[in-house]
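# Descriptive analysis of the structure
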Amino acid sequence: MSIDATLPIGPYHPALKEPEFFKLFLDGEKIVDVAIRLGYTHRGIEYLAERKTYNEIPILVERICGICSNVHPMCFCQAVEETWELQVPDRARYIRTIVGELERIHSHLLWAGIAAHIIGYDTLFMHFWKHREPVCELFEVLTGNRQNYAMNCIGGVRRDIDPTKHKALILETLSQIRPSLLRLKNAVTEDPVVRARIENIGVLSRDQARKLCVVGPVARASGLAIDVRKDEPYAAYREVGVDVKVLTEGDVLSKMLVRLLEALESMEIVKRALDAIPQGPIRLEPKEIVPGDGIGKVEAPRGEDIHYVRSNGTDIPERVKIRAPSYMNVPSIAPQIKGASLADASLIIAAVDPCFCCTERIALADVKTNRESSVDFESLAQRWRRKSKYSRKDGCV
Amino acid sequence: MKTVKLRIIVEVLRSLASRAYTLKYPKIASPAPQGFRGKLEYDIEKCTGCAACVENCPASALKSISDGDRRTIEVWYGKCIYCGRCEEVCPERAITLTTTYSLVTGRKEDIKSSVQLEINRCLRCGKPVATARQIDKVRLQVKDLVLPEDYDAYLSSLCLDCKKAVQAELLLAGRM
Amino acid sequence: MLPLTAGSLVHVLSNIALLIENLRSVLGDRFRKHSTRNERRAYVYIRKDGIRDCVRVLFDQFGARLSTISAVDRKFKFDVLYHFTLDQEGLVASICLSTPKQAASLDSVTDILPAANWIEREIQELFGIKFAGHPSPGKLLTSDDWPEDEYPLRRIG
């Protein structure tokens, strides 16, 4: 197949959150290959962590990602608690579960809104984000901030959940957004135009998913039933239980459904955790820094997050290795995008939920004529929406 | 398809009937809830100048400057990340993170804020010892525990070397 | 550690034992020792030329998933740990090997396990450990004008 043109997308990507660079090799409108380049937000967090004390690192790793801002400190604290053989108090484990699940809800709603925006369905985008707002306001009351909650510390959590004020507020917020979320889920699955745009697009087969070791909703939408909350229960998941959602088609629709179903399941988990939360202390002061190795694993909204910590007995760690879930998922864009048409490129990239925010100018390079031009996001977005309009006209409705 | 069209119409009517979800901030105030981690403020009455906050700030936004007679603890709001560690570790609860989140200002003076405390000098050799408040606090805690009161006031105002020297003298003179 | 029911604990421990036995028989004298820190963490120490057979056993036979590869600078050598997760058992088996700092090199496992592609590239870029046989060992994280032989995570001195 001859390569007609190459289309670079990025580094300020048209669909989502962080900067990444995708070079799409095109044959007409069909994509034959993709080259992915990273590193635009490489901030040297592992390097910094080797120079900071254990108390400062949860606050450092919290700022790896604004959306997964509970996951990284929790994972790091778990790795250190495993190294130092610290038993976290029960109440702290339940609070970690509650904050983690609320974060999952808001992250999935954010992603669903962005995906709707790419398709061109801005109303759905606004609705998803409207219903995400109460969760952010809830975080403001519970933790002190909409993102960067600073809840986790080594040995427990820093703030308590007040049984009188906070519990009622959490339950009220969830009962307020649950019916809306169900309505929005139906709006996605039952609208023929939306379905035509996202069904059978960006398919990742089970075998490819296993070879690339993908994690999270991307894996669960391709038939791999892996979820750290079930396989290696941390925090309070053993007591509270979790129902893992697995689908087998592997396309963008499955990925969206897995995330929306997970958001609904998270609400149930929060309710169960609030009912069962025991009394007791929320924090245990570590007595001793034990040298050794520890691994912490947490199920982030995007998949399995793993931290490896090596302690040498001093108050500065020897090594902190952090592998965020998107690192395993982004290479899986390549098999998913080959053979797809250009109009679907952005959606397929976004479906992997690569943890970001933003959109900028995009360069188009026509290899044959050696001409370079640049378009802004709006005109490229028009392209995607034109496809939706034609789907409607073609008699899908 | 008919049901989808109907649903859209219902949704439109529902949206028209309810008010707008967004606030016209800053025309309308949008206060942060209680417990929000905003701008940090010192209570000068309570601060003893121990600089525990300075030691524990992960962003190095707090600085302690001692120049003989005065200790200044300074916070630089541009560096502060509102994590709340200073509030947590202050033994006097002199720091609170208020609910002020809007820190935009046109004046350079607003970016930094500081508290100043008096440092006591050693009564014997003149070297700076610690802040007056820190010494008072320690004296209160060891009152009547160690020495008779008339020695207490004098000894607690000495630096460590002079303290050892004076105690040795007292021991030799049989006064202890 | 969280309390485990007796059934699950026995299941996990027997799988660790089975895994160790398999690795020992495949690797022969390249297998050095193993230790289990707790019920969910197994550390297997091997000689560095045994890594490809190890990966084959774990990925093909046991259905393990590569979580990540960590490298630690130990002044005169690098410790490299391959963390494999066995999802059904909830177990992480870390394969630990070392390579001397001078001319640090390992065999790439990307042809057996495509997931290792970016992970090995990252270690190559940040530590300077060469992975022989890697299909596309280009830069991943550092900028284009970053000097060729400066490895950010290597300890100096």
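Keep in mind that what you see is a predicted model, and the values were worked out from it rather than measured.

### Notes on the overall build of chain B
A tally of helices and strands in chain B yields 6 helices and 6 strands. Each helix and strand of chain B, ordered N terminal to C terminal, gives the series α-β-α-β-β-α-β-β-β-α-α-α. For 176 residues, the compact-globule estimate of 2.2 N^0.38 gives 16 Å, and the C-alpha radius of gyration of chain B, at 28 Å, exceeds that figure by more than 25%. Counting only C-alpha atoms, chain B reaches 105 × 35 × 25 Å along its principal axes. The 176 residues of chain B split such that 16% are buried. Long-range contacts, defined as pairs at least 24 residues apart, comprise 63% of the intrachain contacts of chain B with a sequence gap of at least 6.

### A short note on the domain arrangement of chain B
All names here are of chain B. When the domains of chain B are assigned, the result is domain 1 (31-120) and domain 2 (122-176). For domain 1 and domain 2, the distance between their C-alpha centroids amounts to 31 Å. Facing the 9 residues of domain 1 at the interface are 10 residues of domain 2. Tallying contributions element by element places strand 5 (residues 112-121) first for the side of domain 1 that touches domain 2, with 4 residues. Counted by class, the side of domain 1 that touches domain 2 contains 3 nonpolar, 4 polar and 2 charged residues.

### Description of unusual backbone geometry
Cis geometry is found at the peptide bond from Tyr-25 of chain B to Pro-26 of chain B, where omega equals 5 degrees. Summarising the element assignment, Pro-26 of chain B is placed in the loop between helix 1 (2-17) and strand 1 (40-42). The backbone of Cys-213 of chain A shows a phi angle near 55 degrees, a positive value even though the residue is not glycine. Secondary-structure assignment places Cys-213 of chain A in the loop between helix 8 (206-211) and helix 9 (216-220). In this structure, Ser-60 of chain B is a non-glycine residue whose phi angle is positive, near 55 degrees. Structurally, Ser-60 of chain B is set in the loop between helix 2 (52-56) and strand 2 (62-66).

### Remarks on the interface of chain B and chain A
The interface of chain B with chain A comprises 13 residues on the first partner and 14 residues on the second. Residue classes in the side of chain B that touches chain A are distributed as 9 nonpolar, 2 polar and 2 charged.

### Considering the environment of Arg-124 of chain B
All names here are of chain B. Along the chain, the position of Arg-124 falls in the loop between strand 5 and strand 6 (128-131). A residue is classified by how many C-beta atoms lie within 10 Å of it, and Arg-124, with 15 of them, is partly exposed. Separated by 119 residues in sequence, Arg-124 and Lys-5 have C-alpha atoms that sit 91 Å apart. The contacts of Arg-124, once residues within four sequence positions are left out, are Leu-158 and Cys-162.

### Comments concerning the sheet that holds strand 5 of chain B
Residues and elements named next belong to chain B. Read from one edge to the other, the open sheet built from 4 strands follows the order 2-3-5-6, with strand pairing classed as antiparallel. The sheet is open, and its two borders are formed by strand 2 and strand 6, each paired with just one other strand. Here the strands of the sheet are splayed against their neighbours by 30 degrees on average, with no regard to which way each runs. One ladder, built from 7 bridges, connects strand 3 (residues 70-76) with strand 5; its direction is antiparallel. Across the sheet, the residue bridging to Arg-71 is Leu-117, located in strand 5.

### Description of the sheet that holds strand 6 (residues 292-300) of chain A
All names here are of chain A. The antiparallel open sheet is built from 3 strands, whose spatial order is 6-7-8. The outermost strands of the open sheet, each flanked by one partner alone, are strand 6 and strand 8 (319-323). Each adjacent strand pair in this sheet contributes to an overall mean axis angle of 10 degrees, direction not counted. Where strand 7 (residues 303-311) lies against strand 8, 5 bridges are found, and the strand directions are antiparallel. When the sheet's bridge partners are listed, His-307 is paired in strand 8 with Ile-322. Across the sheet, helix 3 (residues 71-83) lies against strand 6 and strand 7, angled at about 150 degrees from strand 6, the strand it touches most.

### A few points about the packing of helix 5 (residues 122-143) of chain A against helix 6 (residues 165-190) of chain A
All names here are of chain A. Where helix 5 meets helix 6, the axes come as close as 10 Å, and the angle between the chain directions of the two elements is 165 degrees. Put simply, helix 5 runs roughly antiparallel to helix 6. Of the two possible hands of crossing, helix 5 and helix 6 adopt the one that is left-handed. Taking contact as the criterion, the partners of Leu-124, His-127, Phe-128, His-131, Pro-134, Val-135, Leu-138, Val-141 and Leu-142 in helix 5 are, on helix 6, His-166, Leu-169, Ile-170, Thr-173, Gln-176, Ile-177, Ser-180, Leu-181, Leu-184 and Ala-187.

### Let's talk about the confidence of the model for chain A
Within chain A, residue pLDDT values average 85, and 85% of them lie at 70 or more. Low confidence marks residues 356-377 of chain A, where pLDDT is under 50. Its contacts with residues over four positions away, or in another chain, come to 44 contacts.

### With respect to helix 5 of chain A
Residue and element names in this part refer to chain A. A rise of 1.5 Å per residue sets the reference length of helix 5, with its 22 residues, at 32 Å; its end C-alpha atoms lie 31 Å apart and thus fit the reference within 8%. Of the residues making up helix 5, those classed as buried are Leu-124, His-127, Phe-128, His-131, Arg-132, Val-135, Leu-138, Phe-139, Glu-140, Leu-142 and Thr-143. On its buried side, helix 5 packs onto helix 4 (90-119) and helix 6. Once helix 5 ends, the next one or two residues include Gly-144, with phi positive near 105 degrees.

### Considering the interface of chain C and chain A
Counting residues at the interface gives 23 residues for chain C, matched by 26 residues for chain A. Mapped onto the side of chain C that touches chain A, the elements with two or more residues apiece are strand 3 (65-73) and helix 3 (116-127) of chain C. Here the element with the most residues in the side of chain C that touches chain A is strand 3 of chain C; it accounts for 6 residues.

### Some points on helix 4 of chain A
Between its first and last C-alpha atoms helix 4 of chain A spans 44 Å; for 30 residues at 1.5 Å apiece the expected length is 44 Å, and the two agree. Summarising burial for helix 4 of chain A: 28 of the 30 residues are buried, a large majority.

### Quick word on the confidence of the model for chain B
This prediction gives chain B a mean pLDDT of 86; 92% of its residues lie at or above 70. Here the predicted complex carries an ipTM of 0.91, next to a pTM of 0.89.

Calculation criteria
Residues numbered from 1 in each chain as written. Chains lettered and ligands numbered in written order. Predicted model: local features only at pLDDT ≥ 70, side-chain atom pairs only at ≥ 80, totals over all residues. Helix = DSSP H or I, 4+ residues; strand = E, 2+ residues; numbered from the N terminus. Rg over C-alpha atoms; globule rule 2.2 N^0.38 Å. Buried ≥ 20, exposed ≤ 12 C-beta atoms within 10 Å, placed from the backbone. Contact = placed C-beta atoms within 7 Å. Domains from an automatic or database assignment. Nonpolar A, V, L, I, M, F, W, Y, C, P; charged D, E, K, R; others polar. Pairing = 2+ DSSP bridges. Axes fitted to C-alpha atoms, helices over the stretch in contact; angles between N-to-C directions. Parallel < 35°, antiparallel > 145°, perpendicular 65-115°, else oblique. Left-handed = near helix turned anticlockwise from the far one by under 90°. pLDDT = per-residue confidence, 0-100. Expected span 1.5 Å × (residues − 1).

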